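# Architecture and fold: a report
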Amino acid sequence: MYGLCDCNNFYASCERVFRPDLVGKPVVVLSNNDGCIIARSNEAKSLGIKMGQPFYQIRSLVESGRVAVFSANFSLYGDMSNRVMSTLRSLVPGIEIYSIDEAFFYLDGISEPLDEFGRMVGRTIRRNTGIPVSIGIAPTKTLAKIASKLAKQYPKLAGCCYMHRPQDITKVLNRFPLQDVWGIGRRYGKMFDRMGLQTAQQFVELPQEWVRARMGVTGLRTWSELQGQECIGFEQMHQRKQQITISRSFPRE
């Protein structure tokens, strides 16, 4: 059984740790050159502010006092990430850091109800660091990713979604957008759009031979993981970043 710990709106949450007066208020974080938005609180999202949106487009909201804005402070975010990962490492048998705000963990030897264990992990991280997290627990890493998204979407789950019964997994996949599945990406997303496939369950129902022929071994792993078959291994070493992007935006062409 795998878990995924995902920090909620991480950069904005880091800023709120030192500005508790902003809890419950719209917060955005800007890129290095203050050109565009790279993080938003839930309240900022509800205002229609989009990821990557140029800052000048929301300047009036900031000047009116409706939105708090911060320049990115990556030293702070790195330090807060280390605190989160250190706390997580102290609570579970092993972790695999996936990104600055996400880490997989495995649950070998944990015998208590795993949903309650996941909530305990989330409460402890929040208490130790001030950062809210969502925990997803499932038989595979791909399903754990989906479970963590559900934990964010549904407050009644109290921060942890434990998804393990086959009937529950099928029910979730019948409604989960295919393009949001870890490993599908834009390239395959466009292919499935042309085919009229919209849900993860529709992908699972494709023949194995078809998936292998068009998506190779990587796609077949995703297909199998969605069915509860563990195919993506656990690595305790953090992988180096594969890509760095620097962009600029202008108010007109």
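Residues numbered from 1 in each chain as written. Predicted model: local features only at pLDDT ≥ 70, side-chain atom pairs only at ≥ 80, totals over all residues. Heavy atoms only, no water.

### As for the overall build of the chain
Spelled out, the test is: Going along the chain from the N terminus, every DSSP run of H or I of four or more residues is numbered as a helix, and every run of E of two or more is numbered as a strand. Exposure classes here rest on a 1.4 Å probe applied to the protein chains alone. A residue is buried below 20% of its type maximum, exposed above 50%, and partly exposed in between. Values of accessible area rely on a 1.4 Å probe in the Shrake-Rupley scheme; residue burial ignores everything except the protein chains shown.
Scanning the chain from terminus to terminus reveals 10 helices and eight strands. Every one of the 253 residues in the chain was classed for burial, and the buried ones make up 47%. Here the chain has roughly 14,100 Å² of accessible surface; of this, 48% comes from carbon and sulfur atoms.

### Comments concerning the side chain of Ser224
Formally: When checking whether two residues touch, look at their non-hydrogen atoms; a contact exists if any pair is within 4.5 Å.
When you line up the elements, Ser224 lands in helix 10 (residues 208-226). Not counting residues within four places of it along the chain, the set of residues in contact with Ser224 comprises Gln229 and Cys231.

### Thoughts on the pattern of salt bridges
Our working definition: In the sections that follow, a salt bridge refers to a side-chain nitrogen of Lys or Arg positioned within 4 Å of a carboxyl oxygen of Asp or Glu.
Under the criterion given, the structure shown has nine salt bridges. The salt bridge partner of Asp21 is Arg19, with a shortest N-O separation of 2.9 Å. The class for Asp21 is partly exposed, based on a relative accessible area of 41%. A salt bridge links Arg119 to Asp115; its shortest N-O distance comes to 3.7 Å. Highlighted residues: Arg119 and Asp115, both in helix 5 (residues 114-129), separated by four residues, approximately one helical turn. Judged by relative accessible area, Asp115 falls into the partly exposed class, the value being 24%. A single network of salt bridges, built from pairs that share partners, joins Asp115, Glu116 and Arg119.

### Some remarks on the packing of aromatic side chains
For the record, the criterion: Any two of the Phe, Tyr and Trp rings considered here, Trp counted by its six-membered ring, make a pair once their centres fall within 6.5 Å; the pair's planes then place it as stacked at under 30 degrees, edge-to-face at over 60, or tilted in between. Placement of a charge over a ring requires the Lys NZ or Arg CZ to be within 6 Å of the ring centre, with the centre-to-atom vector within 35 degrees of the ring normal.
Under the criterion given, the structure shown has nine aromatic pairs. Between the aromatic rings of Tyr11 and Phe74, the centroid separation amounts to 5.8 Å while the plane-to-plane angle is 80°, which identifies the pairing as edge-to-face. Of this pair, Tyr11 sits in helix 1 (residues 10-18) while Phe74 sits in helix 4 (residues 74-91), placing them 63 residues apart in sequence. Centre to centre, the rings of Phe74 and Tyr77 are 5.9 Å apart; their planes meet at 90°, and the pair counts as edge-to-face. Of the two residues, Phe74 and Tyr77 are both situated in helix 4; the distance of three residues between them amounts to about one turn of the helix. On the accessibility criterion, Tyr77 (0% relative accessible area) is buried. Looking at Lys141, its charged tip hangs above the ring of Phe104, at a distance of 4.7 Å from the centre.

### Notes on the sheet that holds strand 3 (residues 37-40)
Heads up, the rule is: The criterion for strand pairing is that DSSP finds at least two bridges linking the strands in question. To define axes, lines are fitted to C-alpha atoms, for helices over the stretch in contact only, and angles between the resulting N-to-C directions are given on a 0 to 180 degree scale.
Taken in spatial order, the three strands make up an open sheet running 3-2-4, and their pairing is mixed. The open sheet has two edge strands with one neighbour each: strand 3 and strand 4 (68-71). Averaged over all pairs of adjacent strands, the angle between their axes in this sheet comes to 25°, without regard to strand direction. Pairing of strand 2 (residues 27-30) with strand 4, which is carried by four bridges, proceeds in the parallel orientation. Within strand 4, the residue paired with Val28 across the bridge is Val69.

### Considering helix 10
The condition that has to hold: Multiplying 1.5 Å by the helix residue count minus one yields the expected span of that helix.
Over its 19 residues, helix 10 extends only 13 Å from the first C-alpha to the last, a length that falls short of the 27 Å expected when each residue adds 1.5 Å. Where helix 10 is concerned, the buried positions are Trp210, Val211, Met215, Gly219, Leu220, Thr222, Trp223, Ser224, Glu225 and Leu226. Contacts made by the buried residues of helix 10 are with helix 6 (141-153), helix 7 (166-173), helix 8 (185-195) and helix 9 (200-204). Backbone geometry just downstream of helix 10 places Gly228 in the positive-phi region, at approximately 90°.

### Some details on the pairing of strand 2
Residues Val27 and Val29 line one face of strand 2 and the alternating positions Val28 and Leu30 line the opposite face, and both faces are buried. By the bridge criterion, three bridges tie strand 2 to strand 3 in an arrangement that is antiparallel. The residue bridging Val29 from the neighbouring strand is Ala39, located in strand 3. The turn joining strand 2 and strand 3, which pair antiparallel and follow one another in sequence, is formed by six residues; a positive phi near 55° is taken by Asp34.

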